[in-house]
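Coordinates in review
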Amino acid sequence: MISVLMGGRNDSHGYNMHKRVAISINTFASLFDEPDDEILFVDCNTRDGLPTLPEALMDTLTEKARKHLRVLRIRSSLYEKYKRGSVLPISESLVKNVAIRRSNPRNQWILSTTSDNVVIPRESQCSFSSLLHGIQDGLYELPRFSVPESLWGILNRNKPEEIQENFRKWGDKFGLHNSVLMDRPDIIYDNPGDFQLFPRAHAFRIKGFDEGMIRCWHHDSNLARRLYLLNGKSHSFLDKAFCYHCDHTWEVDYLHKRELTNSDINDPGQFIFNVTTPHWTDEDDWGIPLETLEEIKLDSSLGQSILSIFSLTKNDKRAFLQEEFQSTDSFNSVLIKNSLDFSPFFLNLIIHYSKIEMIYIGFKPNEFQDFFSNFNAIRKNIVRFEKRGFMSENLNLSLIELPQKKFESEPDLFQGTSMSNEDVHRVYLVDLTNQSLNHKMNYKCQVIPVDDDNFSQYKKWIQGNLSICLIEEEKRNRKGFSPSMFIFLGLMNSWAEDFIYPRFNLVHTTFGSHVMFGNARSPEELNQKNSTLKKLYLKIKTGIQTAPKGTFFHSIKIILKKLKSH
């Protein structure tokens, strides 16, 4: 009977986003009574490596909501390809068109809304099919009535029937729907995008939303105008239902700032007042029709898949509750550990990517190749695995790069440095541990590596490989590819901190995970950092040279002179 269209991304847009989205999805689903009824949530441009917004709040959705919810994902690389120059993190028109294209053709009606809204039938125990029964084709709209954050914040998101009852009661008791803000005859109400109901066939006739609207606002008014031109009339749905909006301006987002100028907003003259035809394009490329999008079902298989991946971690030989110290006494002790024991934390970083090329740098290339082969049997997102490791366990032998291995990849998917495929995310897994290093027990009974020739050769090899990675990354950046992710195993409290921290922007993770990740610093950032350090050095040097007697810097000056003469 009906397909409800929503869009968003996992970015904490506005106050308490997860709760208000769950309220909206659960309440819409509670009004369904036909098997083909559906909610299409298009997750657009969520950062790669993160789950979609509905996945992130799956545990707060009712069983009925999960049954009727379809999640379509537009990854960042695909969004860049089809956003038509949009300056926004999400193109509302593109999101809605993707949903229209992929909506159930057995459903006669489409409702375009946002994930902040709740539709409340005037009569309780009323479903969508009963609301739509017998109405004529055309565009139907509702005014938006705001619900303050303090009110919807006290609701139980898992009880949609109670939500409907409370909104219906609060509307009367607190006067939430006392004011109906009108617009033009073709648009009827202000903020029309919160409830726009129209036949699916009409959406295809006018070719959906205008994807040429690449700035803020008025996408909904443009749609209303063009459907009005198609039908000659727009209708109110106010005799059947109310539309309540969960306000979220306690936290101000980019769409609600007063600083927005005309250059930030779609031109009303071009896209509303001067529109004279129902369709916005003669082409049939709206809604990304030729791309196959990821569709995610929020059922038990999703959790089971993640558990299966983490079950690859072998803990039968691991020492539990092993005491560790992040101190000078235990410096470099992490290098003697088995880096595969850190797998829960580095697996967590790659699960939600669509396609990955993994480059392993370290001392256990074969073990990690086997590990990720088992990972790929479940997740199937590593399209290429390259080993840059030691040929022999004996550090005194030559350090030779091993050949790469491909996982279930197309024959020519990668060429050279794999710069030909923008959908693939590059991950460098830099394993700093090395259990073959000579080691000793210090006075606190902690095992640490011996600083000998083998250790020096090992450090030199790591530094050389990372320098190559930085050169590769600079080439990729010049070609416009997204930054690679670098995952470091065994970095904290080791010799590598002094080499890696100045060259990479890393997230400060917990020491117990022994995993850090981030991106390489750009050449511009490195130059700026070096320039800042140089200025600081010159400032201190000048301060010491010109310091008057009796000051701290003058004392330093005397000490340095004595040291120089000595």
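1. Things to note about the overall build of the protein
What the protein contains, in helices and strands, is 18 helices and 19 strands. For the protein, buried positions account for 51% of its 566 residues. Put simply, 80% of the contacts in the protein that link residues at least 6 apart link residues at least 24 apart. For the protein, the accessible area works out to roughly 27600 Å², and carbon and sulfur atoms hold 51% of it.

2. So, the sheet that holds strand β13 (residues 382-389)
A sheet is described by the order of its strands in space; here six strands give the open sequence β13-β12-β14-β17-β19-β18, paired in mixed fashion. Each end of this open sheet is capped by a strand with a single partner; those strands are β13 and β18 (504-506). Neighbour to neighbour, the strand axes of the sheet diverge by 25 degrees on average, direction disregarded. Across five bridges, the pairing between strand β14 (residues 425-431) and strand β17 (residues 485-489) is parallel. Note that in β17 the partner of Y428 across the bridge is F486. Contacting β12 (356-362), β13, β14 and β17, helix α14 (residues 365-379) runs over the sheet at an angle of about 170 degrees to β13.

3. What about the side chain of E211?
Relative to the helices and strands, E211 is located in the loop between α9 (200-205) and α10 (219-231). Residue contacts for E211: discarding those within four places in its chain leaves R84, S93, L94, N97, W280, W286 and G287.

4. Focus on the sheet that holds strand β7 (residues 144-147)
Read from one edge to the other, the open sheet built from three strands follows the order β5-β10-β7, with strand pairing classed as mixed. Pairing within the sheet leaves two strands with one partner each, and these edge strands are β5 (117-121) and β7. Taking the axes of each pair of neighbouring strands and ignoring which way they run, one obtains an average angle of 35 degrees across the sheet. Across four bridges, the pairing between β7 and strand β10 (residues 241-246) is parallel. For F145, the partnering residue across the bridge sits in β10 and is Y244. Those strands touched by helix α1 (residues 17-30) are β5 and β10, and its axis lies near 35 degrees from that of β5.

5. Topic: the pairing of β17
Of all five residues in β17, five are buried; the element is thus mostly enclosed. Of the two faces of β17, the one carrying M485, I487 and L489 and the one carrying F486 and F488 are both buried.

6. Some points on helix α15 (residues 453-478)
Between its terminal C-alpha atoms α15 stretches 38 Å, which fits the 38 Å expected from 26 residues at 1.5 Å a residue. Regarding α15, the residues found buried are N454, F455, Y458, W461, I462, N465, L466, C469, E472, E473 and R476. A side-chain oxygen of the first residue of α15 lies 3.3 Å from the backbone nitrogen of N454; this N-cap is D452. Among the residues trailing α15, G480 stands out with phi positive, at a value near 85 degrees.

7. Description of the environment of D59
Checked against the element boundaries, D59 lands in the loop between α2 (53-56) and α3 (63-68). Classification of D59 as exposed rests on a relative accessible area of 66%.

8. Some details on the pairing of strand β4 (residues 109-112)
Burial of the side chains of β4 extends over both faces: W109 and L111 are buried on one face and I110 and S112 on the other. The pairing of strand β1 (residues 2-8) with β4 spans four bridges and is classified as parallel. Its bridge partner lying in β4, I2 is registered against W109. As paired strands, β4 and strand β8 (residues 196-199) are joined by four bridges and run antiparallel to one another. The partner of I110 across the bridge, within β8, is F198.

9. A short note on the packing of aromatic side chains
Counted under the stated rule, the structure contains 25 aromatic pairs. Both rings, one in F32 and one in F128, keep their centres 6.0 Å apart while their planes meet at 40 degrees; by these two values the pair is tilted. Placement of F32 in the loop between α1 and β2 (38-44) and of F128 in helix α6 (residues 128-132) is noted, with a sequence separation of 96 residues between them. For the pair formed by F32 and F128, the shared burial category is buried. Considering the side-chain rings of F346 and F372, the 6.1 Å spacing of their centres and the 50 degrees angle between planes classify their relative orientation as tilted.

10. Considerations on the packing of helix α12 (residues 300-310) against α14
Remark: α12 packs on α14, axes separated minimally by 10 Å, with the N-to-C direction vectors making an angle of 175 degrees. Compared by their axis directions, α12 and α14 come out roughly antiparallel. Counting all contacts with α12, which are made through S305, S308 and I309, the residues of α14 involved are F375, I378 and R379. Looking at the contact of α12 with α14, its residues break down into three nonpolar, two polar and one charged.

11. Points about unusual backbone geometry
Positive phi is not limited to glycine here, since I288 has a value of about 50 degrees. Topologically, I288 is positioned in the loop between α11 (268-273) and β11 (294-296). If you check the backbone angles, K380 has positive phi at about 55 degrees while not being a glycine. In this fold, K380 is placed in the loop between α14 and β13.

12. Some points on the side chain of T281
Mapping T281 onto the fold places it in the loop between α11 and β11. Of note is the side chain of T281, whose polar atom sits 3.0 Å from the backbone nitrogen of E283.

13. Notes on the nonpolar core
Grouped together as the largest cluster of nonpolar side chains are 56 residues, with contacts concentrated most on I2, I25, I39, F167, L197 and F237. Per element, the largest residue contribution to this core is seven residues, and it comes from α1. For L197, the contacting residues outside a window of four places in its chain are I2, W109, I110, L111, L132, I135, G138, L139, Y140 and F237. If you look at the next biggest cluster of nonpolar residues, it comprises 52 residues, including I351, I382, F488 and F499.

14. Side note on the pattern of salt bridges
Evaluated as defined, the whole model comprises 28 salt bridges. In this structure, D36 engages R106 in a salt bridge whose closest nitrogen and oxygen atoms are separated by 3.0 Å. Remark: R106 occurs in the loop between α5 (92-101) and β4 and D36 occurs in the loop between α1 and β2; sequence separation between them is 70 residues. Residue D36 is classed as partly exposed on the basis of its relative accessible area of 23%. Linked by salt bridges that have partners in common, E357, R384, E386, R388, R426, E472, E473 and R476 make up one network.

15. A few points about a nonpolar patch on the surface
A cluster of nonpolar side chains, namely I540, F552 and F553, defines an oily patch on the protein surface of about 300 Å² accessible area. Under the relative-accessibility criterion, F553 is labelled partly exposed at 35%.

Calculation rules
- Residues numbered from 1 in each chain as written.
- Predicted model: local features only at pLDDT ≥ 70, side-chain atom pairs only at ≥ 80, totals over all residues.
- Heavy atoms only, no water.
- Helix = DSSP H or I, 4+ residues; strand = E, 2+ residues; numbered from the N terminus.
- Buried < 20%, exposed > 50% of the residue type's maximum accessible area, 1.4 Å probe, protein only.
- Contact = heavy atoms within 4.5 Å.
- Areas by Shrake-Rupley, 256 points an atom, 1.4 Å probe, with all protein chains shown as cover.
- Pairing = 2+ DSSP bridges.
- Axes fitted to C-alpha atoms, helices over the stretch in contact; angles between N-to-C directions.
- Expected span 1.5 Å × (residues − 1).
- Polar contact = N/O pair within 3.5 Å; in protein donor to acceptor, adjacent residues only side chain to side chain.
- Phe/Tyr/Trp six-rings, centres within 6.5 Å; stacked < 30°, edge-to-face > 60°.
- Parallel < 35°, antiparallel > 145°, perpendicular 65-115°, else oblique.
- Nonpolar A, V, L, I, M, F, W, Y, C, P; charged D, E, K, R; others polar.
- Core = buried A, V, L, I, M, F, W, Y, C linked by side-chain atoms within 4.5 Å.
- Salt bridge = Lys/Arg side-chain N within 4 Å of Asp/Glu carboxyl O.
- Patch = residues over 30% accessible without salt bridge, like charges linked within 9 Å, V, L, I, M, F, W, Y side chains within 5 Å.

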